[in-house]
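Results of the structural survey
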Amino acid sequence: MIPDLFLEVDAYLEGVDFIGELMEATPPKWVFKTYEYMANGMLAPKDINNFKMEKMETEWTLGTKSSKAFAHLDIRPGETKLFTLKCVTTDDDGTLHGWLHKMEINFCNLDLGALKTGENSETKLKGTVEHYEIHRDGEELGRVTVGPPAACIINGVDLLADYNAKLGRV
């Protein structure tokens, strides 16, 4: 089977304000924290999940020097903006798939790249993600909210529902 090929990625602010076509976008990684546990009678340690994740970050590359990129930076605590990436992929039989990445981001890093005569210009933005959703062909695959209260929903199952209920966070 041939993997899906990305054809295009468009970025929007608040779902409607077109920012531009992205040359590259790195969605946040979902890295769950674990404790390594080893006790008497065990041959090797095992990892135990602890209901936590590592910080989610995203990085985007626009294929131009973008003056609009400055409007997305904010150094004030707690200031985030909602961005949507709309992507199209094709699989090995030519079927098109629509992908939607919704992210609440605090962009804290702007890189205008090098100023080289004759070279393509680009702008890179990097930020911390507070909320992330991923959809494929209209179906939500996963959603994470840093919180409080935190939420981690994968394939429609809230993995933190019992945890939050025990703490009275519902």
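My aim in this report is to walk through the structure given alongside it, one point at a time. Because the structure is a prediction, the values reported are computed rather than measured.

Within the protein chain, the secondary structure is distributed over one helix and eleven strands. Listed by position from the N terminus, the elements making up the protein chain come as β-β-β-β-β-β-β-β-β-β-β-α. Structurally, the protein chain occupies a C-alpha span of about 65 × 45 × 35 Å along its principal axes. Within the protein chain, buried positions represent 29% of all 170 residues. For the protein chain, the proportion of contacts with a sequence separation of at least 24, taken over those separated by at least 6, is 59%.

Relative to strand 2 (residues 17–26), strand 1 (residues 5–13) runs antiparallel, the two being bridged by four bridges. From the neighbouring strand, Ala-11 faces strand 2, where its bridge partner is Gly-20. Examined bridge by bridge, strand 2 and strand 5 (residues 57–62) share four bridges and lie antiparallel to one another. Within strand 5, the residue paired with Glu-24 across the bridge is Thr-61.

Bringing the side chain of Thr-61 into the picture now. Mapped onto the elements of the fold, Thr-61 is located in strand 5. For Thr-61, a relative accessible area of 7% corresponds to the buried category. In this view, Thr-61 contacts Leu-22, Met-23, Glu-24, Glu-122, Thr-123 and Lys-124; residues no more than four positions away in its chain are not counted.

Moving on: the nonpolar core. Grouped together as the largest cluster of nonpolar side chains are 23 residues, with contacts concentrated most on Ile-19, Leu-22, Trp-60, Phe-83, Leu-85, Met-103 and Ile-105. At the level of elements, strand 1, strand 2, strand 5, strand 6 (81–90), strand 7 (96–111) and strand 8 (123–136) are the ones that each hand at least two residues to this core.

Within this model, the largest pocket holds a volume of roughly 520 Å³. What lines the largest pocket is a set of 26 residues, and nearest its centre among them are Phe-51, Lys-52, Met-53, Ala-150 and Leu-160. Looking at the lining of the largest pocket, the elements that each hand over two or more residues are strand 3 (32–37), strand 4 (46–53), strand 8, strand 9 (139–145), strand 10 (151–154) and helix 1 (161–166). With five residues, strand 4 is the single largest residue contributor to the lining of the largest pocket. When grouped by side-chain class, the residues that make up the lining of the largest pocket number 15 nonpolar, five polar and six charged.

The tally for this structure, following the rule as stated, stands at three salt bridges. Between Arg-76 and Glu-79 there is a salt bridge, and its shortest N-O distance comes to 3.9 Å. Take Arg-76: its relative accessible area is 49%, and that puts it in the partly exposed class. Taking the relative accessible area as the measure of exposure, Glu-79 reaches 33% and is therefore partly exposed. Salt-bridge contacts for Arg-143 lead to Glu-140; the nearest nitrogen and oxygen are separated by 3.1 Å.

What counts and how
Residues numbered from 1 in each chain as written. Predicted model: local features only at pLDDT ≥ 70, side-chain atom pairs only at ≥ 80, totals over all residues. Heavy atoms only, no water. Helix = DSSP H or I, 4+ residues; strand = E, 2+ residues; numbered from the N terminus. Buried < 20%, exposed > 50% of the residue type's maximum accessible area, 1.4 Å probe, protein only. Contact = heavy atoms within 4.5 Å. Pairing = 2+ DSSP bridges. Core = buried A, V, L, I, M, F, W, Y, C linked by side-chain atoms within 4.5 Å. 1 Å grid on protein atoms, 1.4 Å probe; cavity = no way out; pocket = protein on both sides within 12 Å on 5 of 7 lines; lining within 4 Å. Points joined across faces, edges and corners; volume = space filled by probe spheres on them. Nonpolar A, V, L, I, M, F, W, Y, C, P; charged D, E, K, R; others polar. Salt bridge = Lys/Arg side-chain N within 4 Å of Asp/Glu carboxyl O.

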